[in-house]
Amino acid sequence: MKIAYIKPRFLDEKRVGLLPHHLRCCYAGDERRFEQGYGETLGISDQSYGDAGGYKREELFEWADVIYCIKVPQPADYQYLKEGQGLVGWIHPFGASGRHFLANCGQPKNLYLFDVTNRISIRHHNQKTETLLVPRDMTRGNSILAGYASTMHALMLRGGITQSDQVAIFGTGNVAFGAYKYLSQRGIEPLLRRRSNASFLKHELKTLDIFINCVEIEDGDLPIITREMLAEMKPTGWIIDAAADTGRAISGTRATKVHDPIYQNEHGHQFYVVDNSPTLLYRESSEAVSEGYSKHFWSKPMSYWYSSDCVKDDYTSDLDSPHFLPHTLFPASEEVLFTP
């Protein structure tokens, strides 16, 4: 099959989805072409991809059976996607970033969507969603970087952190580990909270200087931090949402971007809700993403991912299973394996 690799138009995104040295891991029977300047953020020339490099973006959309873009396509590209074409990447068709794409492009053009993530990967086509046989933690390093980069960036904007600052992390997975890793390097020992002891936060938030959220919650679930709880937090308090679970885990929040990462509410609290923070460490993140995809997805022929062999169970049955939950429906006790 013919696979085109295009650069994301997602704001502030600098990561490269497939690096030249990982091409050796990819199935040789598929034909691959790369957009002109595909690796330019890392100083990678088109020639590094051999004859496959240096193609014009619009030509690739017309040529390819399958498009790979590390982030969900933006509206400017909707016109170029063809009827029945395949799309691979962090699409999150049922999440905040992907709903617009699904409604305005994915469904009208009957696209095959391969949402390949660090937790549950799915294939969505013609209103049917199935779970793909893709290993969990395939891009674990990127998830850790999400927690690390969000905490690092926010605290730099804050002017740093001192030993007297009271900090809590909510979550127990890869993103939370990344946040904890950064704090431990600064000699900070945060409170660690999850669903089983979340009730403590109702009283603890009043004493905290910094609260770091590292999970997504289910649509309709009660938020981890309510508006009432926020009203009682110190006016100088900082909220860092490393999971970027906009408006859900922390009631009323809105997304921010790398170039404009914080905002202040009426109580004086500062909010950091950047939805693709690993791009701050785009060299490290690119390596993790490229290795994960090349070894666990591109190593198989693309025809395999269209077949019934790659499907574990029907997505609907997964909703009833304690072991398989879609990436947009995590219980708050679980870590979001961050793929913004």
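Scroll up a little and you will see the structure.
Residues numbered from 1 in each chain as written. Predicted model: local features only at pLDDT ≥ 70, side-chain atom pairs only at ≥ 80, totals over all residues. Heavy atoms only, no water.

**What about the overall build of the chain?**
So, step 1. The secondary structure content of the chain amounts to nine helices and 14 strands.
So, step 2. Relative to a compact globule of 340 residues, whose C-alpha radius of gyration would be 20 Å, the chain shows 20 Å and is just as compact.
So, step 3. When its C-alpha atoms are laid out on the principal axes, the chain stretches across 60 × 45 × 30 Å.
So, step 4. The buried share among the 340 residues of the chain stands at 57%.
So, step 5. In the chain, the share of contacts with a sequence separation of at least 24, taken over all contacts with a separation of at least 6, comes to 70%.
So, step 6. Working note: accessible area of the chain is about 14,100 Å², and carbon and sulfur atoms make up 48% of it.
So, step 7. The averaged location of the 42 negative side-chain charges in the chain is 2 Å from the averaged location of its 36 positive side-chain charges. (Helix = DSSP H or I, 4+ residues; strand = E, 2+ residues; numbered from the N terminus. Rg over C-alpha atoms; globule rule 2.2 N^0.38 Å. Buried < 20%, exposed > 50% of the residue type's maximum accessible area, 1.4 Å probe, protein only. Contact = heavy atoms within 4.5 Å. Areas by Shrake-Rupley, 256 points an atom, 1.4 Å probe, with all protein chains shown as cover. Lys, Arg positive; Asp, Glu negative; His and termini not counted. Charge placed at Lys NZ, Arg CZ, Asp CG, Glu CD.)

**Some details on the side chain of Ser-251**
So, step 1. As for its placement among the helices and strands, Ser-251 is situated in the loop between strand E11 (238–241) and strand E12 (262–264).
So, step 2. The class of Ser-251 is buried, set by a relative accessible area of 18%.
So, step 3. Aside from chain neighbours lying at most four places away, what touches Ser-251 is Pro-223, Ile-225, Thr-226, Arg-227 and Leu-230.

**Focus on the pairing of E11**
So, step 1. Going residue by residue along E11, you find Trp-238 and Ile-240 tucked away on one face and Ile-239 and Asp-241 tucked away on the opposite face as well.
So, step 2. When strand E10 (residues 210–213) meets E11, the two strands line up parallel, connected through four bridges. The residue of E11 that forms the bridge with Asn-213 is Asp-241.
So, step 3. Both E11 and strand E13 (residues 270–272) contribute to a ladder of three bridges, which runs parallel. Bridge pairing links Ile-239 to Phe-271 in E13. (Pairing = 2+ DSSP bridges.)

**Some details on the sheet that holds E11**
So, step 1. Pairing in this open sheet of six strands is mixed, and the strands run E9-E8-E10-E11-E13-E12 from one edge to the other. Taken across any chain shown, the strands that pair with only one partner, and hence form the sheet edges, are strand E9 (191–193) and E12. Across the sheet, the mean angle separating the axes of adjacent strands is 20 degrees when strand polarity is ignored.
So, step 2. Note that strand E8 (residues 167–170) and E10 share four bridges and pair parallel. Its bridge partner lying in E10, Ile-169 is registered against Ile-212.
So, step 3. In the packing of helix H3 (residues 140–158) onto the sheet, contacts are made with E10, E11, E12 and E13, and the angle to E11 comes to roughly 155 degrees.
So, step 4. Helix-sheet contacts for helix H4 (residues 174–185) involve E8, E9 and E10, and the interaxial angle to E8 is about 160 degrees. (Axes fitted to C-alpha atoms, helices over the stretch in contact; angles between N-to-C directions.)

**Some words on the nonpolar core**
So, step 1. Formed by 31 residues in total, the largest nonpolar core has its most connected members in Tyr-68, Val-88, Tyr-293, Phe-297, Trp-298, Met-302 and Trp-305.
So, step 2. Every element with two or more residues in this core is listed here: strand E1 (2–5), strand E3 (66–71), strand E4 (86–90), helix H7 (282–296) and helix H8 (302–306).
So, step 3. For Trp-305, the residues in contact, after removing those within four places along its chain, are Phe-114, Arg-123, Leu-132, Leu-133, Val-134, His-296, Phe-297, Lys-300 and Cys-310.
So, step 4. Ala-154, Ile-188, Ile-210 and Cys-214 belong to the second largest nonpolar core, which has 26 residues in total. (Core = buried A, V, L, I, M, F, W, Y, C linked by side-chain atoms within 4.5 Å.)

**Focus on the packing of aromatic side chains**
So, step 1. By the definition in use, this model includes 20 aromatic pairs.
So, step 2. Relative to Tyr-306, the ring of Phe-114 has its centre 5.1 Å away and its plane inclined at 70 degrees; by these criteria the two rings are edge-to-face. Here Tyr-306 lies in helix H8 and Phe-114 lies in strand E5 (residues 112–115), a separation of 192 residues in the sequence.
So, step 3. Under the relative-accessibility criterion, Phe-114 is labelled buried at 0%.
So, step 4. Connected via pairs of aromatic rings, a cluster forms that spans Tyr-5, Phe-34, Tyr-38, Tyr-49, Tyr-68, Tyr-293, Phe-297, Trp-298, Tyr-304 and Trp-305. (Phe/Tyr/Trp six-rings, centres within 6.5 Å; stacked < 30°, edge-to-face > 60°.)

None of the figures reported here should be taken as evidence of function without further support.
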